Amino acid sequence: MTLLEIFDPKAPPRPIGIDLGTTNSLVASVGSDRASVIEDCFGKTMVPSVVCYESDGTVIVGERAKELAAIRPSDTIVSVKRFMGRGADNEETRRMGPYRFVEPRDDEPNVVRFAVEGRPPVSPVEVSAEILRALKERAEDELRSVGGAVITVPAYFDDAQRQATKDAARLAGIEVLRLLNEPTAAALAYGLEHKKNGLFAVYDLGGGTFDVTVLLLDDGVFQVKATGGDSQLGGDDMDRAVAEIVLRKLGVSTEVSSRPEFIRALLDRSRSIKHGLTTAQAVDAEFALDTKQAQLRITRTEFEDAIRPLIDRTGVACRRALRDAGVKAEELDGVILVGGSTRVPAVREFVRAFFGREPLADIDPDQVVAIGAAIQADLLAGKGKDVLLLDVLPLSLGIEVGGGVVDKILPRNTSIPCGARATYTTQEDNQTGFQIHVVQGEREMAKDNRSLAHFTLKGIPPMPAGLARLEIELRVDADGLLGVSATEGTTGIAQAIDVKPSYGLDDAAVEQMLLDAFDHGEGDLLTRRLAEARVDAQRLVLATTKALMADADLLAPPESQRIEETLAHLKATISRNEPALITNAIDAVDGATRDFAGRRMNRAIAKALEGQTIDRVEKAVEHAKGIEAAHGSPLPPER
């Protein structure tokens, strides 16, 4: 008997939640009673994140594309999420699969592009758009009318990777209500499903990324305390570890193992072995290469030994997240498992030992992120309970100031959306522009951090160094995307940009940034002190030299000689790599010029008061206070 499905044609579009995963993707929505993942006509919930390009221009997504990967390896893109926001010149991209990469021309953005059949080269954004389009079509088949979507991203996706995800959604014709961090989505689903409060850690190990988040659930408030992770660590790396075991046992040469068909077949078989070892102690598999066939046995012990370094890498991020949150593992009320790779027994054993408790996995780890995204989409559409999500920045954002030093305006783990301002001044006389360099990371010097954007504010009228006032504002929206604005106070000249790098961080770069910050912390502080001392010394030398030329008649001969001697000593110390020595020399010049500076001030005040009214004097004083309140660090001039 055929059942007729009845639906209201006037019903408003239903918002959806999308988990755009490395290995598989899902779409979910909130029904009359609860959120659930949308199935296809065969009852399957997951769409493999695989896209195949046929020679006639046809694009195939999902299960059928996965089947074609073995025979069309170079035209079938697998695990495209690991390419999102990455540079074409990164070596990591070259070993991710049997692809034909197109080198960018000098006038083209440095982005990954794949050469495929039937069409011009495609970017990871275009491939991801095909997956998102397939998910939208599945939702439309079920819901008829689909509204906006909440799309989840790893907490450690940087600005470029987040922007690439939004671009992919736009290509797929999807309105993005919000980008939501995957651990936060999982916590949202778990917290509302079980109505639990407390301090939780979310351990999210998926196909290509790892995140760990510490957050507080308190009657509808989901406050992220700290986040950590590795944007290039997941189940794909475990598959490669199995593949390396197989290659070693087969004795296959590097030349043979680099053939596209063999690579794809090997990785697919390695993934099957990994899945088999979840429940079995050993898996037997047959491998065929040309005329050579071999029957191999891979044991769970061999597998666990091979992936031990990968699992240990998650522990580094977990320790840092707990430290940043200011809590100990035993103070947590629970640990939530997310991601298909958490089904690996060795992973669960590691989580159990690290946190000292049995992890929570009663909501399907594969589905919990999509369910959380659907709940958030429903909330943004004005339905459901009042819930407040307070996410955080994974890395600090700042501006390069004089000497190459970073002034951090928004520290990492600041709740988003957020914004902050800082005021700067000019470094040189008659400086008519500011070179503004926005960076991301934890190191003290700009060159050691991730460069996000450069732009120039021009048209500033010439004035003495230190008089101009430039206010810079950094804003991060709920999606974690950055905007920058700059305004010169005396003229009102302003400029604003949305930061959109051409590619994102390379292999585990975010994780490495924080590790470098800890490893090089003491040396970085010394370098920063040296750079700041040199900038202060150069400014003092310039200002003192100009003052001696302008008001030489105010000096007594012995005083002039003492100032010249201290000034010469300061010039000699600037090239030394000893910040304390430079600081002492600065103090010596300050002491020698103190009386001279007082006489110059008296002369300047007397001259300024000639013919002035009280009102004009008060305005001048207020202006002077404003200049004095400006940030002590100057910005580099326009070049």
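Use the structure listed above.
It is worth spelling out the overall build of the chain at this point. Helices and strands together make up the secondary structure of the chain, namely 15 helices and 26 strands. Residues counted as buried form 53% of the 639 residues belonging to the chain. Counted over contacts in the chain with a minimum sequence separation of 6, partners at least 24 positions apart contribute 68%. Of the roughly 28800 Å² of accessible surface on the chain, 50% is carried by carbon and sulfur atoms.

What follows deals with the nonpolar core. Membership of the largest hydrophobic core comes to 49 residues, with the highest contact counts inside it found for Tyr203, Ile307, Leu332 and Phe355. The element that contributes the greatest number of residues to this core is helix H8 (residues 300-325), accounting for nine residues. The contacts of Phe355, once residues within four sequence positions are left out, are Ala201, Tyr203, Cys318, Leu322, Ala329, Leu332 and Val335. Core analysis: the second largest hydrophobic core is formed by 44 residues, Met84, Phe101, Leu143 and Val153 among them.

With that out of the way, let us pick up the environment of His454. With respect to the element layout, His454 can be found in strand S22 (residues 450-458). In sequence terms His454 and Gln435 are 19 residues apart; their C-alpha atoms lie 7.2 Å from each other. Once you skip the residues sitting within four places of it in the chain, His454 turns out to touch Gln435, Ile436 and His437.

Since one α-helical turn is 3.6 residues long, residues separated by three or four positions face the same way. Look at helix H2 (residues 124-143): 28 Å from first C-alpha to last across 20 residues, which is about the 28 Å you get at 1.5 Å a residue. Looking one or two residues past H2, Arg144 carries a phi angle of roughly 75°, positive in sign.

The next thing to look at is the pattern of salt bridges. Summed over the entire model, instances satisfying the criterion amount to 25 salt bridges. The closest approach of N and O atoms between Glu349 and Arg352, which form a salt bridge, is 2.6 Å. Of the two residues, Glu349 and Arg352 are both situated in helix H9 (residues 345-355); the distance of three residues between them amounts to about one turn of the helix. A salt bridge links Glu473 to Arg421; the nearest nitrogen and oxygen atoms lie 3.6 Å apart.

This next bit is on the sheet that holds strand S18 (residues 405-410). Two strands in a sheet stick together by hydrogen bonds in their backbones, pointing the same way (parallel) or opposite ways (antiparallel). Within the open sheet, the four strands sit side by side as S18-S17-S21-S22. Their pairing is antiparallel. Of all strands in the sheet, those bounded by a partner on one side alone are S18 and S22. Within the sheet, the average angular offset between the axes of one strand and its neighbour, ignoring direction, is 30°.

This part covers the sheet that holds strand S6 (residues 59-61). The sheet built from three strands is open, its strands ordered S6-S5-S7 with antiparallel pairing. Both outer strands of the open sheet, S6 and strand S7 (76-78), are each paired with one neighbouring strand and no more. Neighbour to neighbour, the strand axes of the sheet diverge by 20° on average, direction disregarded. In this structure, strand S5 (residues 50-53) lies alongside S6, joined through three bridges in antiparallel fashion. Looking at the pairing, Cys52 lines up with Ile60 of S6. Lying on the sheet, H2 is in contact with S5, S6 and S7; it crosses S5 at an angle near 110°.

This part covers the packing of helix H5 (residues 235-250) against H8. The N-to-C vectors of H5 and H8 enclose an angle of 130°; their axes lie 9 Å apart at closest approach. One element, H5, and the other, H8, form an angle in the oblique class. Considering only the axes of H5 and H8, their crossing is right-handed. Residues Asp237, Met238, Ala241, Val242, Ile245 and Lys249 of H5 form the contact with H8, whose participating residues are Glu302, Phe303, Ala306, Ile307 and Leu310.

What follows covers a negative patch on the surface. Residues Glu39, Glu137, Asp141 and Glu142 make up a contiguous surface patch of negative charge. Assignment of secondary structure puts Asp141 in helix H2. On the basis of relative accessibility, which here comes to 58%, the residue Asp141 falls in the exposed class.

The rules behind these values
Residues numbered from 1 in each chain as written. Predicted model: local features only at pLDDT ≥ 70, side-chain atom pairs only at ≥ 80, totals over all residues. Heavy atoms only, no water. Helix = DSSP H or I, 4+ residues; strand = E, 2+ residues; numbered from the N terminus. Buried < 20%, exposed > 50% of the residue type's maximum accessible area, 1.4 Å probe, protein only. Contact = heavy atoms within 4.5 Å. Areas by Shrake-Rupley, 256 points an atom, 1.4 Å probe, with all protein chains shown as cover. Core = buried A, V, L, I, M, F, W, Y, C linked by side-chain atoms within 4.5 Å. Expected span 1.5 Å × (residues − 1). Salt bridge = Lys/Arg side-chain N within 4 Å of Asp/Glu carboxyl O. Pairing = 2+ DSSP bridges. Axes fitted to C-alpha atoms, helices over the stretch in contact; angles between N-to-C directions. Parallel < 35°, antiparallel > 145°, perpendicular 65-115°, else oblique. Left-handed = near helix turned anticlockwise from the far one by under 90°. Patch = residues over 30% accessible without salt bridge, like charges linked within 9 Å, V, L, I, M, F, W, Y side chains within 5 Å. Lys, Arg positive; Asp, Glu negative; His and termini not counted. Charge placed at Lys NZ, Arg CZ, Asp CG, Glu CD.

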